[in-house]
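Structural overview
So you can see what is in the structure, the chains are spelled out below.
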Amino acid sequence: DCLTLDLDPWPRLGGKGAYIDLLGRGDFASMYVAEIEPGGHLEPERHIHEEIIYVLAGRGSTTLDLPGYGERTFEWHRGSLFGIPVNARHQHFNASGTEPTRFAAVTNLPILMNVFHNQGFIFENDFAFTDRVGDGKYLLGQGDYRPVKPGRQQWQTLLVPDLPSMELPDFHARGAEGKHLHFVLSEASMHAHMAELPAARYKKAHRHPAGAHIFTVTGQGYTILWLEGESIDDAIRFDWQTGSVEAPPEQYFHQHFNTGNEAARYLAISFGSVRYPITAAGRHMYENLDVPAKSGGTQIDYEDEDPKVYDDFLAALARTGTAPRIERPNYRTPAAAAR
């Protein structure tokens, strides 16, 4: 729970903070939570690692010093998402005089530290990345919609003002009549996407490389994780609610279940974007995110899942008094599944 996580003074940031080192973060990404006191601000900084910020609580603003634009400021509040352009000098401010503000940031600092092992190069570099903002309207929270194909649609911008209310395109291939949208933020190699899971439904299981930090934007439910060949009875299970974060480990199948009466939204941030996938594994995931695992993809279709998945979901709904809104899958026989 990022909202209740204990934080300590962090002199470099100028506020309070803590790193969250999740088992599934991998070698490329790191995450921290920072808090700004009422009426306060963090220290200005610049760095050549990429950073995507999701606002957990409160409201405030960020000032950027950008090549070709000069000093520009944009505002944000709980549920906002934005990308810091590489090496742009920036500073965060709390707009409230009575309440603290808190945000989570996911970065690709670990891989850069491992490659360059020089903090001066990363934090004191004066190179200007003039291509990282794009259209000036992106600084205002506007963007460009790129309808690639279902499940691959993109929204290019710097700032997404409000994730909970943003309209999302349909993406039914993952099941449960869900919705899905990729974000291209500040031309980064960091990835972000948001998905919506309708009430009392669950998505098909899938897997991918490590590094995806998954934040619950709205709603409540649970997730199960297991490795191929393991029994569902031995799967890891945990509950989530608004403010939670998880990171599935490398190649663990995982499946998300909405146990509430309202749609749930979650935000995933990782290394390797839809425009710049960086690794072969990242490109494979992007190209096969809705292809069944038995066909070389990353997804388990409903009819191929363990029947206990649905039984456990019914039991979880019964505990919350919620009626299921997804029918029992028509499971394949083992022989049919093999074919």
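Throughout what follows, the structure given in this document is the object of discussion. Everything numeric here is computed off the predicted structure, so don't read it as measured data.

Another aspect to go through is the overall build of the protein chain. From N to C terminus, the protein chain includes 5 helices and 22 strands. A compact globule built from 339 residues should have a C-alpha radius of gyration of about 20 Å, and the protein chain, at 20 Å, falls within 12% of that. A principal-axis box enclosing the C-alpha atoms of the protein chain has dimensions of 65 × 40 × 35 Å. Across the 339 residues of the protein chain, 54% fall into the buried class. Within the protein chain, residue pairs in contact and separated by at least 24 positions form 72% of the contacts whose partners lie at least 6 positions apart. Positive and negative side-chain charges of the protein chain, numbering 31 and 44 respectively, have mean locations separated by a distance of 5 Å.

Here we come to the sheet that holds strand β6 (residues 70-77). Taking strand neighbours across the sheet as the criterion, the 3 strands line up as β6-β5-β8 in an open arrangement whose pairing is antiparallel. In this open sheet, the two edge strands, each paired with only one partner strand, are β6 and β8 (89-94). Sheet twist, expressed as the mean angle between neighbouring strand axes with direction ignored, is 20 degrees.

On to the sheet that holds strand β3 (residues 30-36), then. A sheet is described by the order of its strands in space; here 7 strands give the open sequence β1-β2-β3-β9-β4-β7-β12, paired in antiparallel fashion. Bordering the open sheet on either side are β1 (8-10) and β12 (159-160), each of which pairs with just one other strand. Here strand β4 (residues 51-57) pairs with strand β9 (residues 101-107) via 6 bridges, running antiparallel. Counted as the bridge partner of valine 55 is phenylalanine 103 from β9.

Here we take up the packing of aromatic side chains. A full pass over the atoms with the stated rule returns 17 aromatic pairs. Both rings, one in tyrosine 54 and one in phenylalanine 215, keep their centres 5.5 Å apart while their planes meet at 55 degrees; by these two values the pair is tilted. Here tyrosine 54 is found in strand β4, whereas its partner phenylalanine 215 is found in strand β16 (residues 213-218), with 161 residues between them in sequence. Residues tyrosine 54 and phenylalanine 215 agree in their burial class; the two are buried. Chaining the aromatic ring pairs together yields one cluster made of Tyr202, Tyr222, Phe257, Tyr302, Tyr310 and Phe313. The lysine or arginine in question, arginine 152, covers the ring of tyrosine 286, its NZ or CZ lying 5.5 Å from the ring centre. If you follow arginine 237 out to its NZ or CZ, it ends over the ring of tyrosine 222, 3.9 Å from the centre.

Glancing now at the pattern of salt bridges. Pairs can form between side chains of opposite charge whenever their charged atoms are close. Applying the stated criterion across every chain, the model contains 20 salt bridges. Among the salt bridges present, the one from lysine 204 reaches aspartate 301, with a minimum N-O distance of 3.5 Å. Taken together, the residues span a long stretch of sequence, with lysine 204 in the loop between β14 (190-197) and β15 (205-206) and aspartate 301 in the loop between β22 (299-300) and α4 (307-320) at a distance of 97 residues. Residues lysine 204 and aspartate 301 agree in their burial class; the two are buried. In this structure, a network of salt bridges that share partners links the residues Lys204, Lys294, Asp301, Glu303, Asp304 and Arg332.

Here we take up the environment of arginine 89. Summarising the element assignment, arginine 89 is placed in strand β8. It is 8.2 Å that separates the C-alpha atoms of arginine 89 and threonine 63, two residues lying 26 residues apart in sequence. For arginine 89, the residues in contact, after removing those within four places along its chain, are Pro44, Glu45, Arg46, Thr63, Leu64 and Asp65.

Before going further, it helps to spend a moment on the nonpolar core. Met31, Leu81, Leu163, Phe183, Phe215, Leu267 and Ile269 are the most contacted members of the largest nonpolar core, which has 30 residues in total. Counting only elements with at least two residues in this core, the list comes to β3, β4, β9, β13 (179-185), β14, β16 and β21 (264-271). Tyr32, Ala34, Leu42 and Ile53 belong to the second largest nonpolar core, which has 22 residues in total.

Let us now look at the side chain of glutamine 299. Take glutamine 299: it is sitting in strand β22. Within the local environment of glutamine 299, its side chain forms a polar contact with the side chain of arginine 174, the two groups lying 2.7 Å apart. Ignoring sequence-local partners within four residues, the contact set of glutamine 299 consists of Ala173, Arg174, Lys204, Ala205, His206, Leu289, Asp290, Val291, Pro292 and Ala293.

Right, let's talk about the pairing of β3 for a bit. In terms of residue burial, β3 counts as a mostly covered element, since 7 of its 7 residues are buried. Alternating positions in β3 separate into two faces, Ser30, Tyr32, Ala34 and Ile36 on one and Met31, Val33 and Glu35 on the other, with burial throughout. Relative to β3, strand β2 (residues 15-19) runs antiparallel, the two sharing 4 bridges. Counterpart to lysine 16 in the pairing with β3 is glutamate 35.

Inspection of the secondary structure puts asparagine 258 in strand β20 (residues 253-258). Only 3.1 Å separates the side chain of asparagine 258 from the backbone oxygen of proline 198, close enough to count as a polar contact. Not counting residues within four places of it along the chain, the set of residues in contact with asparagine 258 comprises Leu197, Pro198, Ala199, Ala200, Arg201, Gln220, Gly221, Trp240, Ala263, Ala264, Phe313 and Leu317.

Thresholds applied
- Residues numbered from 1 in each chain as written.
- Predicted model: local features only at pLDDT ≥ 70, side-chain atom pairs only at ≥ 80, totals over all residues.
- Heavy atoms only, no water.
- Helix = DSSP H or I, 4+ residues; strand = E, 2+ residues; numbered from the N terminus.
- Rg over C-alpha atoms; globule rule 2.2 N^0.38 Å.
- Buried < 20%, exposed > 50% of the residue type's maximum accessible area, 1.4 Å probe, protein only.
- Contact = heavy atoms within 4.5 Å.
- Lys, Arg positive; Asp, Glu negative; His and termini not counted.
- Charge placed at Lys NZ, Arg CZ, Asp CG, Glu CD.
- Pairing = 2+ DSSP bridges.
- Axes fitted to C-alpha atoms, helices over the stretch in contact; angles between N-to-C directions.
- Phe/Tyr/Trp six-rings, centres within 6.5 Å; stacked < 30°, edge-to-face > 60°.
- Lys NZ or Arg CZ within 6 Å of the ring centre and 35° of its normal.
- Salt bridge = Lys/Arg side-chain N within 4 Å of Asp/Glu carboxyl O.
- Core = buried A, V, L, I, M, F, W, Y, C linked by side-chain atoms within 4.5 Å.
- Polar contact = N/O pair within 3.5 Å; in protein donor to acceptor, adjacent residues only side chain to side chain.

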